[in-house]
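A look at the structure
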Amino acid sequence: TIQTLVDGNRDDFRNNQTGRLGIDYELGPKTEAGMLVSGFRNFYGMDAVNKSTQSINGVVDSVRIIQQNEDHPLDNLSLNFYLTQKIGKTGKLSLNLDYNDYNNDNVIQYFTQHYKENGQFLSQDSMRSSMFTPISIKVATLDYSQKIAKNTEMETGFKITQSVFDNTVLIE
């Protein structure tokens, strides 16, 4: 029978920052504008060492020591701008513009050392995997609302969205 025993030790951490700043401004008695900027940065990292011992019929055959290092930042920036205009006594025209930008970058490095059962060094190899995923989202809306009866309101609008997504994965 073949048996594999893995003993792992990992040291990981996470660091987060967020921010948000907005302003609303009355341009006139029927006109209001505003802006909001927000974002976050989330960083995850890990260092790990794993020892894999393979035995055949209860006798140690080989040992692998795998060192792993991971860096994984995730960033976001969001912008919003709006403009509202009251029309007549009960009408309202609203413009909203939004921009969201996300960047997900994940790099993991592996370094593996191979040993015989007696501890004699055999070989070593390394591998690196990386994933970079930027996402960009843009949205524009134009809405009109008008009260047409005591308990009835008519709403109509236009919305356009553009999303750009790229996912690059490399194994080296």
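The structure under discussion appears in the preceding block.
Here's what I pulled together on the structure shown here. (Residues numbered from 1 in each chain as written. Predicted model: local features only at pLDDT ≥ 70, side-chain atom pairs only at ≥ 80, totals over all residues. Heavy atoms only, no water.)

**With respect to the overall build of the protein**
From N to C terminus, the protein includes 0 helices and 7 strands. Scanning the protein from its N terminus toward the C terminus, one meets helices and strands in the order β-β-β-β-β-β-β. The C-alpha atoms of the protein give a radius of gyration of 28 Å, which is well past the 16 Å a tight globule of 172 residues would have. Viewed in the frame of its principal axes, the protein has a C-alpha envelope of about 90 × 30 × 25 Å. Within the span of the protein, comprising 172 residues, buried residues form 25% of the whole. Taking contacts inside the protein between residues at least 6 apart in sequence as the whole, the part at least 24 apart equals 63%. Accessible surface computed for the protein: about 12,000 Å², of which carbon and sulfur atoms make up 54%. (Helix = DSSP H or I, 4+ residues; strand = E, 2+ residues; numbered from the N terminus. Rg over C-alpha atoms; globule rule 2.2 N^0.38 Å. Buried < 20%, exposed > 50% of the residue type's maximum accessible area, 1.4 Å probe, protein only. Contact = heavy atoms within 4.5 Å. Areas by Shrake-Rupley, 256 points an atom, 1.4 Å probe, with all protein chains shown as cover.)

**Some words on the environment of Phe158**
Among the structural elements, Phe158 can be located in strand S6 (residues 152-165). Between the C-alpha atom of Phe158 and that of Glu172, which follows or precedes it by 14 residues, the distance is 46 Å. Leave out the neighbours within four places in its chain, and Phe158 touches Ala140, Thr141, Leu142 and Asp143.

**What about the pattern of salt bridges?**
The full count for this structure, using the stated rule, is 3 salt bridges. Asp12 is the partner of Arg10 in a salt bridge, and the nearest nitrogen-oxygen pair spans 3.6 Å. (Salt bridge = Lys/Arg side-chain N within 4 Å of Asp/Glu carboxyl O.)

**A closer look at unusual backbone geometry**
A positive phi angle is found at Asn57, which is not glycine, with a value near 50 degrees. Topologically, Asn57 is positioned in the loop between strand S2 (31-56) and strand S3 (59-87). For Asn57, a relative accessible area of 57% puts it in the exposed group.

**Quick look at the pairing of strand S4 (residues 91-116)**
Moving residue by residue along a regular strand, the side chains alternate between the two faces of the sheet. Looking at chain direction, S3 and S4 are connected through 24 bridges and run antiparallel. The partner of Ile87 across the bridge, within S4, is Gly91. Where S3 folds back on S4, the antiparallel hairpin that results is connected by 3 residues, among which Gly88 adopts a positive phi of roughly 65 degrees. Two elements, S4 and strand S5 (residues 121-149), share 25 bridges in a ladder whose sense is antiparallel. Residue pairing for S5: Leu97 is matched across the bridge by Ala140. Here S4 folds back onto S5 in antiparallel fashion, the turn holding 4 residues, of which Gly119 has a positive phi close to 90 degrees. (Pairing = 2+ DSSP bridges.)

**As for a nonpolar patch on the surface**
Taken together, the side chains of Ile23, Tyr25, Leu27, Met35, Val37, Leu77, Leu79, Phe81, Leu83 and Leu97 make up a nonpolar region of the molecular surface, amounting to roughly 850 Å² of accessible area. Counting residues per element, the ones that place at least two in the nonpolar patch are strand S1 (2-28), S2 and S3. The element that contributes the greatest number of residues to the nonpolar patch is S3, accounting for 4 residues. Among the structural elements, Leu77 can be located in strand S3. Its relative accessible area of 37% is what places Leu77 among the partly exposed residues. (Patch = residues over 30% accessible without salt bridge, like charges linked within 9 Å, V, L, I, M, F, W, Y side chains within 5 Å.)

Nothing here speaks to function; it is geometry throughout.
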